[in-house]
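# Coordinate analysis (summary)
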Amino acid sequence: VALRMTQNKHATGKAKASERYLLTTKLFCGTCGRIMAGESGTSGTRNVKHYYYKCGGAKRHLGCTRKAIKKDWIEKVVVLQTVARVLKDEEIERIADALLKMQEQEDTTIPAMQAQLKECEKAIENMLNAIQSGILTESTKGRLEQLEEQQRNLKVAILQAEIRRPKYSKERIVNWISRFKGGNPNNRNYQRQIIDTFVNSVYVYDDKLVFTYNFKDGTETITLKEIEAAFGSDLNYCAPPLSARVYLYPCIFHAMKFER
């Protein structure tokens, strides 16, 4: 998650745009599959700035007819839907269990070094028993020194690996995810945290949105009728002003999921 948030800070489009597009690299056209990039336009009558996401295929006249979608509306819908979908006690428990399992499966370096350390300590114990039995030669002394040096090196290596990749308890994972509960969905920083942490991609269709979250079985479809009933909708009035000067901010697609 930290890596993804750092990468998103430098994503093309976010850096160039004075208005931060939170769904940069994550919003896609359901018709042609191309990324929907942030763009802005100024009304010729009131000189008001408007912000949208628009399909790259429609922008470049490549055959796609996907209409632009209002930036603030889609970002807030994504945040509200994600909070409703993810930040439930039973879902947080399920995610925490999945992360614990993945944490154990992916950690192979430390267990291997711990096994080597156990073998090394067993060899040192056998060597000390031999010395106590009266077997002490230059070779046994040298071998004991080698084993003790190996033991010290392995302990240091294990400690360094644990520092680089700490293991988290289920309680800590649950507490970390739960801290997102009760945030203000109108707060831009809170919106950014929710989107960067949990949302992998959102595909926009004529009648629905398809969400993919950063955990197993994290795909969900919600119809626009359901969205309109819950949040209201500006989708029928989201085309840029006709007299607007439009600027397109290209994006680089990058995706990461917790389980792969």
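Structure report, in brief. Computed from a prediction, not measured in an experiment: that's the story for all the values here.

### Some words on the overall build of the protein chain
- For the protein chain, the count of helices and strands is nine helices and eight strands.
- Counting across all 260 residues of the protein chain, residues that qualify as buried make up 39%.
- Long-range pairs, those at least 24 residues apart, make up 65% of the contacts in the protein chain between residues at least 6 apart in sequence.
- Working note: accessible area of the protein chain is about 15,000 Å², and carbon and sulfur atoms make up 51% of it.

### Some remarks on the packing of helix α5 (residues 109-132) against helix α6 (residues 138-164)
- Closest axis-to-axis distance for the α5/α6 pair is 9 Å, and the angle between their directions is 155°. Looking at the two axes, α5 sits roughly antiparallel to α6. The interaxial crossing formed by α5 with α6 has left-handed handedness.
- Partitioning the contact of α5 with α6 into residue classes produces 15 nonpolar, five polar and five charged.

### A look at the pattern of salt bridges
- Taken as a whole, this structure holds eleven salt bridges when the rule is applied.
- Where E91 meets R94, a salt bridge forms, and the shortest distance between an N and an O atom there is 2.8 Å. Of the two residues, E91 and R94 both sit in helix α4 (residues 89-106), three residues apart, roughly one turn of that helix.
- Residues D196 and R192 are paired through a salt bridge, measuring 3.8 Å at the closest nitrogen-oxygen approach. With D196 and R192 both in helix α8 (residues 188-198) and four residues apart, the pair spans about one turn of that helix. Comparing D196 with R192 shows no difference in burial state: the two are buried.

### Re the nonpolar core
- If you look at the biggest cluster of nonpolar residues, it comprises 41 residues, and the most contacted ones within it are L27, I74, L87 and L209.
- Ignoring sequence-local partners within four residues, the contact set of I74 consists of L23, L27, Y53, I69 and L209.
- Among the nonpolar cores identified, the runner-up in size contains eleven residues, and I124, L147, I158 and A161 belong to it.

### Some points on unusual backbone geometry
- One non-glycine residue, T25, adopts positive backbone phi at about 75°.
- Secondary-structure assignment places T25 in the loop between α1 (2-9) and β1 (27-29).
- Residue T25 is classed as buried on the basis of its relative accessible area, which comes to 1%.
- Of note in this structure, H61 is not a glycine but carries a positive phi near 55°.
- Mapped onto the secondary structure, H61 falls in the loop between α2 (56-59) and β4 (69-70).

### Some thoughts on the packing of helix α3 (residues 71-86) against α8
- Direction vectors running N to C along α3 and α8 enclose 60°, while the axes themselves pass 10 Å from each other. When you trace α3 past α8, the crossing you get is left-handed. Contact residues: K71, D72, E75, K76, V78, V79, T82, V83 and V86 in α3; R188, Y190, Q191, I194, I195 and F198 in α8.

### Digging into the sheet that holds β1
- Pairing within the open sheet is mixed, and its four strands lie in the order β1-β5-β6-β7. A strand with exactly one partner marks an edge of an open sheet, and here the two such strands are β1 and β7 (219-223). Going across the sheet, the axis of each strand differs from the next one's by a mean of 20°, ignoring polarity.
- Sheet topology note: the strand β6 (residues 208-213)/β7 ladder contains five bridges and is antiparallel. Residue pairing across strands places F211 opposite E220, the latter belonging to β7.
- Sitting on the sheet, α3 is in contact with β1, β5 (199-204), β6 and β7, with an inclination near 55° to β6.
- Running at roughly 95° to β5, α8 makes contact with β5 and β6 of the sheet.

Basis of the calculations
Residues numbered from 1 in each chain as written. Predicted model: local features only at pLDDT ≥ 70, side-chain atom pairs only at ≥ 80, totals over all residues. Heavy atoms only, no water. Helix = DSSP H or I, 4+ residues; strand = E, 2+ residues; numbered from the N terminus. Buried < 20%, exposed > 50% of the residue type's maximum accessible area, 1.4 Å probe, protein only. Contact = heavy atoms within 4.5 Å. Areas by Shrake-Rupley, 256 points an atom, 1.4 Å probe, with all protein chains shown as cover. Axes fitted to C-alpha atoms, helices over the stretch in contact; angles between N-to-C directions. Parallel < 35°, antiparallel > 145°, perpendicular 65-115°, else oblique. Left-handed = near helix turned anticlockwise from the far one by under 90°. Nonpolar A, V, L, I, M, F, W, Y, C, P; charged D, E, K, R; others polar. Salt bridge = Lys/Arg side-chain N within 4 Å of Asp/Glu carboxyl O. Core = buried A, V, L, I, M, F, W, Y, C linked by side-chain atoms within 4.5 Å. Pairing = 2+ DSSP bridges.

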